[in-house]
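Residues per chain, in single letters:
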Amino acid sequence: MTQDDFRRLALALPETTEQEHMRHPDFRVAGKIFATLAYPNDEFGMVKLTPEQQQEFLARDGKAFVPVPGAWGRQGCTHVTLKAAKVTVVRQAIALAWQNAAQQAKAAGKSGRRK
């Protein structure tokens, strides 16, 4: 999988925007980040899963999915090792991360629609 593949999967989801956070691309729905690229370097993407979802992906493919170090990782943030990742599995992880962020935004009263 390449960065372009990861980007294409993220941007294919409804109301997704690409922005920048701390000098690397991120993908948002209703203002909530659900995935990033190129952090800590160009070999990685990241998806914001729940801890339970993270464990499922680690069990499925421990070479492609690795917890982000520290508290972020314990909360479900998961690195995607792009070279080792399969598009079909990453598509599922990105979709779950998008769904998590959309639900958080909805619970907070935000909408992804522009006025």
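Above this text is the structure in question.
Residues numbered from 1 in each chain as written. Predicted model: local features only at pLDDT ≥ 70, side-chain atom pairs only at ≥ 80, totals over all residues. Heavy atoms only, no water.

## Re the overall build of the chain
For clarity, the threshold we go by: Numbering of helices and strands runs from the N terminus, with a helix taken as a DSSP run of H or I at least four residues long and a strand as a DSSP run of E at least two residues long. Both definitions apply: the radius of gyration is a C-alpha atom measure, and the globule rule equals 2.2 Å times residues to the power 0.38. Between buried and exposed lies partly exposed: a residue is buried under 20% and exposed over 50% of the maximum accessible area for its type, with that area taken using a 1.4 Å probe on protein chains only.
Counting secondary structure elements, the chain contains 4 helices and 6 strands. For 115 residues, the compact-globule formula gives about 13 Å, and the C-alpha radius of gyration of the chain, at 13 Å, lands near that figure. Here the C-alpha coordinates of the chain stretch approximately 40 × 25 × 25 Å along the principal axes. Looking at the chain residue by residue over its 115 residues, the buried ones come to 43%.

## Notes on helix α4 (residues 87-107)
Applied cut-off: What a helix should span is 1.5 Å times the count of its residues minus one.
Its 21 residues place the ends of α4 30 Å apart at the C-alpha level, agreeing with the 30 Å of an ideal helix rising 1.5 Å per residue. One or two residues past the end of α4 sits Gly109, with phi positive at roughly 85 degrees.

## With respect to the sheet that holds strand β2 (residues 24-29)
Our working definition: Only strands joined by at least two bridges in the DSSP assignment are considered to pair. Interaxial angles span 0 to 180 degrees and are taken between N-to-C directions of axes, which are lines fitted to C-alpha atoms, for helices over the stretch in contact.
Across the sheet, 6 strands lie side by side as β1-β2-β3-β4-β6-β5; this open sheet has antiparallel pairing. Looking at strand neighbours, the two that pair on one side only are β1 (16-21) and β5 (65-67), the edges of this open sheet. Strand after strand, the sheet turns through a mean of 30 degrees between neighbouring axes, direction not considered. Pairing analysis gives 6 bridges linking β1 to β2, with the strands arranged antiparallel.

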